[in-house]
Amino acid sequence: ATAQIGVTGLAVMGRNLARNLARHGFTVAVHNRSPGRTRGLLAEHGDEGTFVPSESMADFVATLERPRAVIVMVKAGAPTDAVIDELVPLLEAGDIVVDCGNAHFTDTIRREEALRGHGLHFVGTGVSGGEEGALHGPSIMPGGSDESYRKLGPIFEKIAAQVDGVPCCRHIGPDGAGHFVKMVHNGIEYADMQLIAEAYDLLRAGLSAGPAELAKIFRRWNDGELESFLIEITADVLAHTDAATGRPFVDVVLDQAEQKGTGRWTVQSALDLGVPITGIAEATFARSLSGHADQRAAARRAFPDAGGNWQVDDRETFVEDVRRALLASKIVAYAQGFDHIRAGSREYDWGVDLGGTATIWRGGCIIRARFLDRIRQAYDTEPELPTLLVAPWFAEQVSAGVPAWRRVVADAARAGVPTPAFSSSLAYFDALRAQRLPAALIQGLRDNFGAHTYRRVDRDGSFHTRWAADRAEEAA
Ligand code: NDP
């Protein structure tokens, strides 16, 4: 037994993770259900480090030092269970199974419990950064036991992205915590992308400018508070020309956004936990809407003239307004995402450190951004922060952006440009800061039709008004 860690599942992600480990000097056992992938890895990259290939799971396990650490990087769902079932009888108490696939956190909770019954550690680990990240340094979000992290931490922290000398990896919490946090990361990624797409759409309509010109605006924005990987690649995509037609690339791509499901999982979980993650929800629904081609065609035919014309007089002010509105909406989306993590952590008793989570998203992952350092500071300064919106730097940005935010959303509504995420983020902000919400009327209606009772502003207790009888109030 010579390998310090093993990887089974050598498609794009597993293969690159194994190479990353080997390049950092670890001896890596490698295995894949179809041995062709294992042979391919050795043939193409065998010189990058020390790989110990095996064609059977039993041989693979036999090459690992104890306690064994096996990374499973296969298709999420049933394939992960199939691989775990094959592994478990070959392992011994104290060994560690690491699932780096995109598992749903409730599957991870179930698997952790089952493997604990065998004396094994099961570590559901979120990995972000795509195939490039896996090779050059991803953001790594491991769940599982403290004991398993003592073995895995030094390995993962070495292969993760590094920002200011700090690895983008930390132990998130027990059982499903890592996969939960990865799920919310992806949800935030949905919101971030939708907001960027709306900003692009607004600029395009308001300025009547082409993608190449807009690419320059995004490139400029990437020098300020919005600096992030997603803004950077937005400029890149907008500047790209389709080779076949010579047209802007964005104009030849079908405008129907696809999804693999992590946005949906995030929204489903938020509904269960009662956390209003409106930005992520709008982003997820916006992708769904884009895919309803038949409905869109029918609506286009039925309402050909419903949109207004957009004449932006002061182009520079408009661009700055959109930038401010984008930043304010983005702050709302992140505030909601971190609320979601806090709610999940409380529900499942994970003890997730919010500042620490922001720290490991600063590099390696898709939402990596300068901004995340501010979030880290905010939660490190005040772990019980009621909402990110009220942390000093964020409150300042939002306050400064409110007039622009309102102008952009109102102008877009008048011009018939859809801004679901911009508008809902502004509505969330206004609802959160309102002195009184019409929720009082909702309570009145619920009591009227269903005797659901209400509480009063001036006295403790629950009350019911006898609506159908004498309209007197009684304590419930
Ligand atoms: P895929 O999700 O395409 O999965 C292919 C791999 O799974 C192959 O190694 C395949 O083996 C193996 N596999 C499938 N079914 C079984 C089975 N029943 N038993 C054993 N092995 C099986 O690979 P990716 O590399 O794209 O992703 C791996 C995991 O990482 C997934 O869970 C994915 O969601 C997650 N992930 C992916 C990211 C990405 O950017 N692609 C980013 C972050 C996470 P074989 O070669 O024999 O078919």
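Residues numbered from 1 in each chain as written. Predicted model: local features only at pLDDT ≥ 70, side-chain atom pairs only at ≥ 80, totals over all residues. Heavy atoms only, no water.

- Within an unreviewed UniProt entry, the label attached to the protein reads 6-phosphogluconate dehydrogenase, decarboxylating, and the organism entered is Micromonospora eburnea.
- The protein has a UniProt comment under Catalytic activity (unreviewed entry) that states "6-phospho-D-gluconate + NADP(+) = D-ribulose 5-phosphate + CO2 + NADPH".
- Under the heading Pathway (unreviewed entry), UniProt records this for the protein: "Carbohydrate degradation; pentose phosphate pathway; D-ribulose 5-phosphate from D-glucose 6-phosphate (oxidative stage): step 3/3." (UniProt positions renumbered as here; feature names shortened; annotations may be inferred.)

**Some words on the site of the ligand**
Right, on to step 1. In the vicinity of the ligand lie 19 residues, with Met13, Asn32, Arg33, Ser34 and Arg37 positioned nearest.
Right, on to step 2. Asn32 has a polar side-chain atom sitting 2.7 Å from an oxygen atom of the ligand.
Right, on to step 3. Residue Asn102 places a main-chain N or O atom 3.1 Å away from an oxygen atom belonging to the ligand.
Right, on to step 4. Protein chains bury 78% of the 900 Å² of accessible surface belonging to the ligand in isolation.
Right, on to step 5. Of all the elements in the fold, those that place two or more residues in the shell around the ligand are α1 (12-23) and α4 (78-87).
Right, on to step 6. Residue classes in the shell around the ligand are distributed as ten nonpolar, six polar and three charged. (Near = heavy atom within 4 Å. Polar contact = N/O pair within 3.5 Å; in protein donor to acceptor, adjacent residues only side chain to side chain. Areas by Shrake-Rupley, 256 points an atom, 1.4 Å probe, with all protein chains shown as cover. Helix = DSSP H or I, 4+ residues; strand = E, 2+ residues; numbered from the N terminus. Nonpolar A, V, L, I, M, F, W, Y, C, P; charged D, E, K, R; others polar.)

**Examining the pairing of strand β2 (residues 27-31)**
Right, on to step 1. Burial within β2 is extensive, with five of its five residues counted as buried.
Right, on to step 2. Every second residue of β2 is oriented toward a common face, with Thr27, Ala29 and His31 on one face and Val28 and Val30 on the other, all of them buried.
Right, on to step 3. Sheet topology places strand β1 (residues 5-8) next to β2; four bridges connect them, and they run parallel. Residue pairing for β2: Ile5 is matched across the bridge by Val28.
Right, on to step 4. Since β1 and β2 lie parallel, the crossover through α1 that links them has a hand, and here it is right-handed.
Right, on to step 5. Looking at chain direction, β2 and strand β3 (residues 50-53) are connected through four bridges and run parallel. What sits directly across from Ala29, in β3, is Val52.
Right, on to step 6. Between β2 and its parallel partner β3, the chain crosses via helix α2 (residues 35-45), and the hand of that crossover is right-handed. (Buried < 20%, exposed > 50% of the residue type's maximum accessible area, 1.4 Å probe, protein only. Pairing = 2+ DSSP bridges. Right-handed = clockwise from strand over helix to strand, strands pointing away.)

**Some details on the UniProt feature "active site" (unreviewed entry) in the protein**
Right, on to step 1. UniProt annotation of "active site" (unreviewed entry) refers to Lys182 and Glu189 when read in the numbering used here.
Right, on to step 2. Following the sequence through the fold, Lys182 ends up in helix α8 (residues 177-207).
Right, on to step 3. Other than its neighbours up to four places away in sequence, Lys182 contacts Asn102, Gly126, Val127, Ser128 and Met141.
Right, on to step 4. In this fold, Glu189 is placed in helix α8.
Right, on to step 5. Each residue touching Glu189, except ones within four places of it in the same chain, is listed here: Ile366 and Ile367. (Contact = heavy atoms within 4.5 Å.)

**Notes on the pattern of salt bridges**
Right, on to step 1. Counted under the stated rule, the structure contains 35 salt bridges.
Right, on to step 2. Asp470 is paired through a salt bridge with Arg466; the nearest N and O atoms lie 2.9 Å apart.
Right, on to step 3. Relative accessible area serves as the criterion here: at 47%, Asp470 is assigned to the partly exposed category.
Right, on to step 4. The structure contains a network of salt bridges with shared partners spanning Asp81, Asp99, Asp107, Arg110 and Arg111. (Salt bridge = Lys/Arg side-chain N within 4 Å of Asp/Glu carboxyl O.)

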